[in-house]
Amino acid sequence: LVDFGHPKISGIGELVTYSFVPSSLAVIYLNYLNSAIKWKLVIIFTLISTIIEWLVVQVGYMKLTHWNHLYSIPIFILVYRYILPLHSKIIKCNKEHL
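The shown structure was predicted, so the numbers you read here are calculated from the model rather than taken from an experiment.

Turning our eyes to something else, we now look at helix α2 (residues 38-58). Its 21 residues place the ends of α2 30 Å apart at the C-alpha level, agreeing with the 30 Å of an ideal helix rising 1.5 Å per residue. Buried residues of α2: Lys38, Leu41, Val42, Phe45, Thr46, Ser49, Thr50, Glu53 and Val57, and no others. Projected down its long axis, α2 shows its buried positions confined to an angular sector of 160 degrees, all on one face. Of the residues in α2, the exposed ones pointing more than 90 degrees away from the buried face are Lys40, Ile43 and Leu47. Backbone geometry just after α2 places Gly60 at a positive phi near 90 degrees.

Next up on the list: the layout of surface pockets. Once rolled over the atoms, a probe with the size of a water molecule shows which space is left empty. In this structure, the second largest pocket encloses a volume near 170 Å³. Lining the second largest pocket are Leu30, Leu33, Asn34, Ser35, Lys38, Pro85, Ser88, Lys89 and Lys92. It is helix α3 (residues 69-97) that provides the largest number of residues to the lining of the second largest pocket, a total of 4 residues. Residues belonging to the lining of the second largest pocket are distributed by class as follows: 3 nonpolar, 3 polar and 3 charged.

Conventions adopted
- Here the residue index of a chain counts from 1 through its sequence in written order.
- Given that the model is predicted, a residue must reach a pLDDT of at least 70 before its local features are reported, and side-chain atom pairs must reach 80 or more before they are shown or counted; all residues, however, enter totals for whole chains, interfaces and linings.
- Processing note: side-chain calculations cover all non-hydrogen atoms of the structure and skip hydrogens and water entirely.
- Helix and strand assignments follow DSSP, with helices taken as H or I runs no shorter than four residues and strands as E runs no shorter than two, numbered in order from the N terminus.
- Take the number of residues in a helix, subtract one, and multiply by 1.5 Å to get its expected span.
- Burial status follows relative accessibility: with a 1.4 Å probe on protein chains alone, a residue under 20% of its type maximum counts as buried, one over 50% as exposed, and anything between as partly exposed.
- Directions drawn from the helix axis to the C-beta atoms are what define this arc.
- Detection works on a 1 Å grid of protein atoms alone, calling trapped sets that fit a 1.4 Å probe cavities and calling open sets with protein on both sides within 12 Å along at least five of seven lines pockets, with lining residues defined by an atom within 4 Å of a point.
- Grid points are joined across faces, edges and corners, and a volume is the space filled by probe spheres set on the points.
- When residue character is reported, Ala, Val, Leu, Ile, Met, Phe, Trp, Tyr, Cys and Pro are called nonpolar, Asp, Glu, Lys and Arg charged, and the others, Gly included, polar.

Right, dumping it as structure tokens:
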């Protein structure tokens, strides 16, 4: 659905794109997460993620082939609202059992 970087060369760009950006956003999100501002954070981090995706396309690093930025928005909302909080609960639960 998308192409990153040069098709025949893997490098630092792929490492940053796949490893650091999503995990860094997730850690920052979970550090600020509390039930009082949950939806506010979901909206803020969805906007941040959408802007990052748009910028990566604008600089020419990522090429959208069969994808649209609008498709990403519900996925970002799903991840920030449900998946990351669930992931955090699982980690905390497993930590208590150790």
